[in-house]
Amino acid sequence: MTDRRILARRFETERPRLRAIATRLLGSAADADDAVQETWLRLERADVADIENLEAWLTTVVSRISLDMLRAPRRKREHSWQVEPWRDEPVAAGADPADLVAQSDQVSVALLVLLETLSPAERIALVLHDVFGQSFEEIADVLERSPQAARQLASRARRRVRGAEEPARPDRERGRRIVTAWLAAARDGDIPALLELLDDGAVLRADYGTSTQVVDGARAIADQAVLAGRLASHSTPILIDGRPGVAAVMRGSVASIMAFEIEGDRIVGLEVLADPKRLGELGVLQVVGADRD
């Protein structure tokens, strides 16, 4: 294992599994990539001759890195760009959150919010044991606690998650109606209709990767929406971090996604992501389905 090329190949073989672990622990693909990259850097610095079981060593390291990230003071729940198909049906009552994680490559936003109610140690114990089948001895090594303490953490986390109420969701029917009306008005260049949908103090924030933009006020946002009317013609409703949103797909690639912040019957905020690199990491095409023109 001392040949660095062989080590790199072994790591690349393990990378999908490590990324899956970190994604479920952290709830963020970007954070998971950071954790996996740090795992590789630590492997490069390690005395690999002393590593008896590379798979177990990597699992422990990526889990510890994730634990440190969960404990970091800067880590607060903020809106993310996690995308989901727009399904109006609620998640089945009584579903086991751990089962939902295990069954899906993309953790549901509702489940992530529930996991956020756990302490970092509880979250690590629950996900590693219930989802990835790690023994409590292995989890104890990650948490630097006894196996019995790791077992108790997982049990407590399981009770808390199962007993937690699902976070309140916005009115999906109202959100769909507003998003549909927005797309129609933008496509048709209907400024009055857009102004009816927008709060006077609405703010649009856009991230283009190399630059950002802030547009204040209903009229300025409506004017910009009309200028981007062609995107509306190629947009599909989706959910973005549980919020109403749309994805604009043109010639088989994602041009942008936009999340709506709605209060009552008015749009008070719009967030646009049009950074090609970040869009490519989100799997939007898989969410919207077939390629679009």
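Help me understand the side chain of E122 in this model?
Assignment of secondary structure puts E122 in helix 6 (residues 120-131). Among the polar contacts listed, one links the side chain of E122 to the side chain of R156, at a separation of 2.7 Å. Residues in contact with E122, not counting those within four places in the same chain, are L153, R156, A157 and R160.

Can you walk me through helix 2 (residues 29-45) in this structure?
An α-helix turns once per 3.6 residues; consequently, residues spaced three or four apart project the same way. Here helix 2 contains 17 residues, and its C-alpha end-to-end distance of 25 Å stays within 8% of the 24 Å for a straight helix at 1.5 Å per residue. Residues D31, A32, A35, V36, T39, W40 and L43 constitute the buried set of helix 2. Turning to helix 2, the residues buried within the fold contact helix 1 (4-26) and helix 3 (54-71).

I tried to follow the packing of helix 1 against helix 2 on my own but got confused; where do I start?
Helix-helix packing: each pair is described by the crossing angle between the helix axes and the interaxial distance. Here helix 1 crosses helix 2 at 145°, and the two axes come no closer than 8 Å. For helix 1 against helix 2, the interelement crossing comes out right-handed. Taken together, the residues of helix 2 that come into contact with helix 1 (itself represented by R4, L7, A8, F11, R15, L18, R19, A22, T23 and L26) are A29, D31, A32, D33, A35, V36, Q37, T39, W40, L43 and E44.

Could you clarify how one ought to interpret the packing of aromatic side chains in this entry?
We describe a pair of aromatic rings using the distance from one ring centre to the other and the angle between the two ring planes. Tallied over the entire structure, the rule returns two aromatic pairs. Each ring, one from W182 and one from F260, has its centre 5.9 Å from the other, and the planes form 85°; the classification is edge-to-face. Here the residue W182 occupies a position in helix 9 (residues 172-188), and F260 occupies one in strand 6 (residues 253-263), the gap between them amounting to 78 residues. Accessibility assignment for this pair places W182 and F260 in one class, buried. The ring centre of W86 lies 4.6 Å from the NZ or CZ of R176, which sits over that ring.

Can you walk me through the pattern of salt bridges in this structure?
Side chains that differ in charge, positive against negative, can pair when their charged atoms come close. Evaluated as defined, the whole model comprises 13 salt bridges. As a salt-bridge pair, E38 and R45 come within 3.5 Å of each other at their nearest N and O atoms. Classification of E38 by relative accessible area gives partly exposed; the value is 24%. The salt bridge involving R177 is made with D265; its shortest N-O contact spans 3.3 Å. Here the residue R177 occupies a position in helix 9, and D265 occupies one in the loop between strand 6 and strand 7 (266-273), the gap between them amounting to 88 residues. Judged by its relative accessible area of 46%, R177 is partly exposed. Members of the salt-bridge network, linked through shared partners, are E38, R42 and R45.

Hey, could you run me through the confidence of the model for the protein in this one?
Interpreting fine coordinate detail is not advised for predicted regions of low pLDDT. Across the protein, pLDDT averages 82, with 82% of residues at or above 70. Model confidence for the protein, summarised as mean pLDDT per element, is weakest for helix 4 (residues 97-103) at 48 and strongest for helix 10 (residues 191-197) at 95. This model gives residues 89-95 a pLDDT under 50, and the stretch forms four contacts once residues within four places in sequence are excluded. A low-confidence stretch, residues 100-108 stays under pLDDT 50, and its non-local contacts, those more than four residues away or across chains, total 18 contacts.

Conventions used here
Residues numbered from 1 in each chain as written. Predicted model: local features only at pLDDT ≥ 70, side-chain atom pairs only at ≥ 80, totals over all residues. Heavy atoms only, no water. Helix = DSSP H or I, 4+ residues; strand = E, 2+ residues; numbered from the N terminus. Polar contact = N/O pair within 3.5 Å; in protein donor to acceptor, adjacent residues only side chain to side chain. Contact = heavy atoms within 4.5 Å. Expected span 1.5 Å × (residues − 1). Buried < 20%, exposed > 50% of the residue type's maximum accessible area, 1.4 Å probe, protein only. Axes fitted to C-alpha atoms, helices over the stretch in contact; angles between N-to-C directions. Left-handed = near helix turned anticlockwise from the far one by under 90°. Phe/Tyr/Trp six-rings, centres within 6.5 Å; stacked < 30°, edge-to-face > 60°. Lys NZ or Arg CZ within 6 Å of the ring centre and 35° of its normal. Salt bridge = Lys/Arg side-chain N within 4 Å of Asp/Glu carboxyl O. pLDDT = per-residue confidence, 0-100.

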